[in-house]
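Residue-level structural notes
Here are the chains, one letter per residue:
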Amino acid sequence: MTRTWLRADVSINVTYEDRTRFGSPVTANPELAARRLYAPLAEHAEAHGHASLVAAAPGLLAEVVRGQAFRAVADAAADGGWYLHEDVRHPDPALARPRLLTLGREDLAVGEALVRLRLPDSHWAPVHALIADLSNGGLTEAAARELHPDMRTLLTGLREQSLLAAVPPGRRAPELEEADVTFCGHNTVLVQGRQARVVVDPWLPARRAIYPETYQPMQPADLGRLDAVLLTHSHPDHFDPASLLRLPPDTPVVVPVVERESILAADLALRLTELGFTTVVPLAWHTSWQVGDITVTALPFYGEQPTDAKRLHPEVTNVGNTYLVETPRSRSVLLADAGRDDRGDMRDVALEARARLGDPDLVFAGYRGWRMYPVQLLFSSIARYLPFVPPELWACRMQLMTDADGALDLAERWGARTVVPYADGGAPWHWNLGLGPRLDGHGEEIAGIDPFPECVARTARCRSSLLDGQVSSTGVEVCLLRPGDSLAQLRGRRRLVRVPGHSWPWQEGVPEPANVH
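Residues numbered from 1 in each chain as written. Predicted model: local features only at pLDDT ≥ 70, side-chain atom pairs only at ≥ 80, totals over all residues. Heavy atoms only, no water.

Right, let's talk about the overall build of the protein chain for a bit. Within the protein chain, the secondary structure is distributed over 15 helices and 29 strands. For the protein chain, whose C-alpha radius of gyration is 23 Å, the value lies close to the compact-globule estimate of 24 Å for 517 residues. For the protein chain, the residues scored as buried account for 59% of the 517 residues in total. Counted over contacts in the protein chain with a minimum sequence separation of 6, partners at least 24 positions apart contribute 73%. Of the roughly 20600 Å² of accessible surface on the protein chain, a fraction of 51% belongs to carbon and sulfur atoms. Measuring between centres, the 52 positive side-chain charges of the protein chain sit 2 Å from its 65 negative side-chain charges. (Helix = DSSP H or I, 4+ residues; strand = E, 2+ residues; numbered from the N terminus. Rg over C-alpha atoms; globule rule 2.2 N^0.38 Å. Buried < 20%, exposed > 50% of the residue type's maximum accessible area, 1.4 Å probe, protein only. Contact = heavy atoms within 4.5 Å. Areas by Shrake-Rupley, 256 points an atom, 1.4 Å probe, with all protein chains shown as cover. Lys, Arg positive; Asp, Glu negative; His and termini not counted. Charge placed at Lys NZ, Arg CZ, Asp CG, Glu CD.)

Rendered as structure tokens:
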């Protein structure tokens, strides 16, 4: 039976039409609006350099808050703060809808091998189903004849632009059958039991000729059948519509409970339904959900808020879940960008959860720290956070995510034998976008923002200083995984699994993964 697939080097892009005044959480418009609002700070940095900006920031921010442009988005409060307008805090979700779909081969010249469609709301579900078929099992000729006429037109366009192939975009390597976890890069982790597989925060970009031939991004077909998806929160490196469209629309997707969409948190249940997903599971903290032989428990997500202390509009938060994923052969904790904020501390979550649920085998923990002054938010991917920082914190350095010591603290309090540093890129398809440090021997660490994952191993060796001048290390092992690496036999003699096409190609300048036998 003849089948057709989407080429493995075809990228997908979903563009939302955003008609909100300040910006929707599913677009980058809030960052653009924030940078316009705080333009005097960018002008100062350009004229005098960023080094002088922190000291000048409180005065410059005060001028912005007194200005007419700021009064258009916020009303002054008696305590010297302000109230952001309702439509800024809670933009209407109906004013930001998925509208444009682009499929193309990025290695070709601009405009070549490209299909761009403007889709009405009713077409996302059938388009999603078609893309998922073309990305996994393939589309048969018989199934193609049964498509809606508009889908047949799309299929013809893909064929005419040479975006289809007669071979699948990937295949599951036999070596992965015994793997307990597979690290795909950044926050994407596959956890499998004997019956089921779940993937967390899937971000699976297309293959490209600019990457080494022997080291390419993993595709859904490489992972095999997926029984569920877990999303930690709605930031674009965790909620990636392009990757999600490659998965069958009946795949269950577990998401945080969002009572009301805000500028800091998309209603993922709504947004997934817009894309055509039919089974979305909002999972509240401290509750569990079962799929096959895998139990998923949602736990609190503290951290990655506008500040690590008091903030304006505390009811508007970056809503998220962290997860404990248990299979018959492993127990893994996945913490994404969580750390601590004015609501709680993930170290306390670890202690409580360990007492109630038991020790995990692995903790996947972020380690970036994101130590910065509020004004520096303006030049980051979360510029929208700055209007939520109160004046008394303008001159105070913050830590928005867990750092290397914090990652080890979390593993110790969980009682885990092993911690895996993650959540900061890890492969060229990440660092080429500016996400995470370059790890091929030519990159540089940026302490407090983008350190190498090896910093967690260094920190583990020097956890405390003793009176005799010696240092003490932690009892937690640090396992440095590269995107594409899998671990098997977590409860036995742990084994590293690397498969053809996804095997780390760089040796010099980047140490091999540690503590794997």
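With that settled, the discussion passes to the packing of aromatic side chains. Two descriptors summarise a pair of aromatic rings, namely the distance from one centre to the other and the angle between the planes of the rings. If you walk through the whole model with that rule in mind, you get 12 aromatic pairs. Seen from their ring centres, Y38 and F70 are 6.3 Å apart, and the 65° between their planes marks the pair as edge-to-face. Of the two residues, Y38 is situated in the loop between helix 1 (29-37) and helix 2 (39-48) and F70 in helix 4 (residues 68-71); the sequence distance between them amounts to 32 residues. With a centroid separation of 5.7 Å and an interplanar angle of 50°, the aromatic rings of W431 and W506 are classed as tilted. Separated by 75 residues along the polypeptide, W431 in helix 14 (residues 428-431) and W506 in the segment after strand 29 (495-497) bring together distant segments of the chain. Note on W506: relative accessible area 18%, which makes it buried. Three or more aromatic residues joined by ring pairs make a cluster, and in this case those are Y211, Y215, W429, W431, W504 and W506. (Phe/Tyr/Trp six-rings, centres within 6.5 Å; stacked < 30°, edge-to-face > 60°.)

This brings us to the confidence of the model for the protein chain. Residues at a pLDDT of 70 or more form 98% of the protein chain, whose mean pLDDT is 95. Contacts from residues 508-517, a stretch scored under 50 in pLDDT, to residues over four places away or in other chains number 35 contacts. (pLDDT = per-residue confidence, 0-100.)

In this structure the tally under the stated criterion is 42 salt bridges. Of the charged contacts in the structure, one is a salt bridge between R329 and D180, with a shortest N-O distance of 2.8 Å. A residue pair is termed long-range when its members are at least 10 positions apart, and R329 in the loop between strand 17 (322-327) and strand 18 (330-334) and D180 in strand 9 (residues 179-185) qualify at 149 residues. Taking the relative accessible area as the measure of exposure, R329 reaches 15% and is therefore buried. Here E454 ties to R482 by a salt bridge, and the two come within 2.6 Å at their closest N and O atoms. (Salt bridge = Lys/Arg side-chain N within 4 Å of Asp/Glu carboxyl O.)

So, on to the sheet that holds strand 10 (residues 188-192). Working definition: the strands of a sheet are paired by backbone hydrogen bonds and lie parallel or antiparallel to each other. Within the open sheet, the 8 strands sit side by side as 14-13-12-11-10-9-28-29. Their pairing is mixed. In this open sheet, the two strands that pair with only one neighbour each are strand 14 (280-282) and strand 29. Direction aside, the axes of adjacent strands within the sheet are offset by 20° on average. Across 3 bridges, strand 13 (residues 253-255) lies against strand 14 in parallel orientation. Residue pairing in the sheet places V254 in a bridge with V281 of strand 14. (Pairing = 2+ DSSP bridges. Axes fitted to C-alpha atoms, helices over the stretch in contact; angles between N-to-C directions.)

Glancing now at the pairing of strand 9. Within strand 9, 7 of the 7 residues are buried, which leaves the element mostly enclosed by the surrounding structure. Examined bridge by bridge, strand 9 and strand 28 (residues 486-488) share 3 bridges and lie antiparallel to one another. The residue bridging A179 from the neighbouring strand is A488, located in strand 28. Note that strand 9 and strand 10 share 4 bridges and pair antiparallel. What sits directly across from G185, in strand 10, is T188. Where strand 9 folds back on strand 10, the antiparallel hairpin that results is connected by 2 residues, among which H186 adopts a positive phi of roughly 55°.

Looking at where A143 falls in the secondary structure, it is placed in helix 7 (residues 141-145). Separated by 77 residues in sequence, A143 and R66 have C-alpha atoms that sit 62 Å apart.

If you trace the 7 strands from one edge of the open sheet to the other, you get 15-16-17-18-21-24-27, paired in mixed fashion. Edge positions in the sheet fall to strand 15 (288-291) and strand 27 (477-478), since each has one partner strand and no second. Packed onto the sheet, helix 12 (residues 346-357) meets strand 16 (294-299), strand 17 and strand 18 and runs at close to 140° relative to strand 16.

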